[in-house]
Amino acid sequence: MPIATVNPADGETLRTYEAMGEEEIERRIQLAEATFRTYRTTAFDERARLMRRAADILEADQDEIGRVITTEMGKPIKQARAEAAKCAKTMRWYADHAASLLADEEPAESDVKDSGASRALVRYRPLGPVLAVMPWNFPLWQVIRFAAPALMAGNVGLLKHASNVPQTALYLEDLFHRAGFPEGCFQTLLIGSAEVDAVLRDERVRAATLTGSEPAGRAVAATAGEMIKKTVLELGGSDPFVVMPSADVDRAAEVAVTARTQNAGQSCIAAKRFIVHTDVYDAFVERFTEGMRALRVGDPMEEETEVGPLSSEQGLNDVMELVDDAKRSGATVLCGGERPEGPGWYYPPTVLADVTREMRIHREEAFGPVATLYRVTDLDEAVLIANDTDFGLSSNVWTRDDADVDRFVRDLEAGGVYVNGMTASHPAFPFGGVKRSGYGRELSGHGIREFCNITTVWHGA
């Protein structure tokens, strides 16, 4: 895949880039290692000062970088600006909290004494250069939620971004440079996917994090396993959105529209499978379908646009294939379901009913604005269908019954359970999944500690 900016709204190639050669890759890895030796010793106050400066710059740039994001991957401009603002917020959060999250921990005095020590503690130390392989769908956020904690922990970053967002990738390197971080703290590698393996095998690269597809995750995990390197993987999702009889159906349907179509449905944590109790099924489906049908699809640069194009022609084809397979197998199309005429990689908000286990869309992640509906008769059936997926990223549950909540929290196989609300990431809460959605956690204290050497320090009596 060429490294290029291709506008999804019209398919026009706006700018192409030459991939970095071996000499430049070597120079950057060498610089990352050299920078780490000194940057790792900087005080938290200094790292925080630099991180807050980067947040200020990003916030000031949000209109400009928002237009770049929209041009490169099609996100509606309002959502692009909001993504930049969210990144700045997260950078400040880690600037404020990193020192306390990574403070030395002292075991109980009785355990210290029992070990024969006069003193003992646990210290979090940085690992070194970390390779981040990142996707295009949230081209700022996916990177910042790695970079902010990693840099605050004293690590340095090497970014291999998706090949269709090169301008965003280069902006991120420039952002940290302009903020005053030492040269080599955060560098972009303009390389293709085929070069990732060699970079990860380099002994100077100590760990890797990847957000992306299952095949990409398997490849990185396999190499990292062979090289015995730490990895964090956040892969696909097919999140359930369960609506029970006690739910506020109007509110659930309203939120469901946003949960399915934000970023044109191109989100791992988007609600994709809508599992609705039969007592409220008809009311929910009517309101939900009306909301999906009413969304404004169009030019992502226009302020009023709610759903822009999909990011690529391949992404559009993948969604069309899943919907067409479902239709051939008996699914009922309540709205959408046909690609509109005209330029660009647009697909309309679509609702499919009568979905069965035999359809591909039941098993595969639909990375576009396509919702599938399931009617259930009780909580047991809801849990069964919710867990009938290879993924386990997040989940949404709508109920005002505490017993229902307890059961869903206990039994849903997911990294998050959001009750009466839409799944959304926040710097204070851990983010990640189970099963084929990956392993490890980003954000919160759990995320900043993923790439730390958790060190026991023991003093003899």
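All residue numbers here refer to positions counted from 1 along the written sequence of the relevant chain. The model is predicted, so local features are restricted to residues of pLDDT at least 70 and side-chain atom pairs to those at 80 or more, both for listing and for counting; the totals for chains, interfaces and linings are taken over all residues. Side-chain numbers come from the whole structure's heavy atoms, not from hydrogens or water.

Examining helix α7 (residues 166-179)
Threshold: Secondary structure elements are defined from DSSP: runs of H or I of at least 4 residues count as helices, runs of E of at least 2 residues count as strands, and each element is numbered from the N terminus. Every helix has an expected span of 1.5 Å times one less than the residues it contains. Exposure classes here rest on a 1.4 Å probe applied to the protein chains alone. A residue is buried below 20% of its type maximum, exposed above 50%, and partly exposed in between.
In this model, α7 (14 residues) spans 20 Å end to end at C-alpha, consistent with the 20 Å of a helix rising 1.5 Å per residue. For α7, the set of buried residues is Pro166, Thr168, Ala169, Tyr171, Leu172, Leu175, Phe176 and Ala179. Directly after α7, the chain includes Gly180, whose backbone phi takes a positive value near 105°.

Side note on the sheet that holds strand β12 (residues 350-353)
Quick note on the threshold: Note on pairing: two strands pair once DSSP finds at least 2 bridges between them. Note on definitions: a residue-residue contact is assigned when non-hydrogen atoms from the two residues lie within 4.5 Å. Each axis is a line fitted through C-alpha atoms, and for a helix only the stretch in contact is used; angles between axes span 0 to 180 degrees, taken between their N-to-C directions.
With respect to topology, seven strands assemble into an open sheet ordered β11-β12-β13-β10-β9-β15-β16, the strand pairing being mixed. The open sheet is flanked by β11 (332-335) and β16 (418-419), the only strands paired with a single partner. One ladder, built from two bridges, connects strand β15 (residues 396-398) with β16; its direction is parallel. Within the sheet, the bridge partner assigned to Val397 lies in β16 and is Val419. Packed onto the sheet, helix α10 (residues 249-261) meets β9 (239-243), β10 (271-277), β13 (370-376) and β15 and runs at close to 160° relative to β10.

A few points about the environment of Arg201
Under the convention used in this document: The term polar contact refers here to a pair of N or O atoms within 3.5 Å; inside protein, the definition further demands a hydrogen-donor-capable atom paired with an acceptor-capable atom, and it admits residues adjacent in sequence only when both atoms are side-chain atoms.
Its place among the elements puts Arg201 in helix α8 (residues 196-201). The class of Arg201 is partly exposed, set by a relative accessible area of 29%. Considering only alpha carbons, one finds Arg201 and Gly237, 36 residues apart in sequence, at a separation of 28 Å. Excluding its chain neighbours within four sequence positions, the residues that come into contact with Arg201 are Thr223, Glu226, Met227 and Lys229. Only 3.1 Å separates the side chain of Arg201 from the side chain of Glu226, close enough to count as a polar contact.

A few points about the packing of helix α3 (residues 62-73) against α7
When two helices pack together, their arrangement is captured by the angle between the axes and the distance separating the axes. For the record, the criterion: These descriptions rest on fixed angle ranges, namely under 35 degrees for roughly parallel, over 145 for roughly antiparallel, 65 to 115 for roughly perpendicular, and the rest for oblique. Here the term charged refers only to Asp, Glu, Lys and Arg, the term nonpolar to Ala, Val, Leu, Ile, Met, Phe, Trp, Tyr, Cys and Pro, and the term polar to all other amino acids, Gly among them.
Between α3 and α7, the least distance of the axes is 8 Å, while the angle of their chain directions is 150°. Considering the angle they form, α3 stands roughly antiparallel to α7. Between α3 and α7, the residues in contact are Ile65, Val68, Ile69 and Glu72 and Pro166, Gln167, Thr168 and Tyr171, respectively. Looking at the contact of α3 with α7 residue by residue, the classes come out as five nonpolar, two polar and one charged.

Brief notes about the packing of aromatic side chains
Note the threshold: Stacked, tilted and edge-to-face pairs are distinguished by plane angle, under 30 degrees for stacked and over 60 for edge-to-face with tilted covering the rest, among Phe, Tyr and Trp rings (Trp via its six-membered ring) whose centres lie within 6.5 Å.
If you walk through the whole model with that rule in mind, you get 11 aromatic pairs. Geometrically, the ring pair formed by Tyr39 and Phe181 is tilted, given 6.3 Å between the ring centres and 55° between the ring planes. Of this pair, Tyr39 sits in helix α1 (residues 22-39) while Phe181 sits in the loop between α7 and β6 (186-188), and the two are 142 residues apart along the sequence. Phe181 shares its class with Tyr39; the two are buried. Where Trp93 meets Tyr94, the ring centres are 4.9 Å apart and the plane angle is 85°; that geometry is what we call edge-to-face. As far as the burial class goes, Trp93 and Tyr94 line up, both buried.

Some details on the pairing of strand β4 (residues 129-133)
The cut-off we apply is this: Think of it like this: strands point away, you trace from the first strand over the helix to the second, and a clockwise trace means the crossover is right-handed.
The element β4 is extensively covered by neighbouring structure, given that five of its five residues are classed as buried. The two faces of β4 match: Pro129, Leu131 and Val133 on one face and Val130 and Ala132 on the other face are all buried. One ladder, built from five bridges, connects β4 with strand β5 (residues 156-160); its direction is parallel. In the strand pairing of β5, Val130 is matched with Gly157. Chirality of the crossover, the property in question, places the unit of β4, helix α6 (residues 141-152) and β5 among those that are right-handed. Relative to strand β7 (residues 207-211), β4 runs parallel, the two being bridged by four bridges. Counted as the bridge partner of Leu131 is Ala208 from β7.

Observations regarding the sheet that holds β5
The mixed open sheet is built from six strands, whose spatial order is β6-β5-β4-β7-β8-β18. If you trace the sheet from one side to the other, it starts and ends with β6 and β18 (438-439), each paired once. In this fold α1 packs onto β4, β5 and β6, with an angle of close to 155° to the strand it touches most, β5.

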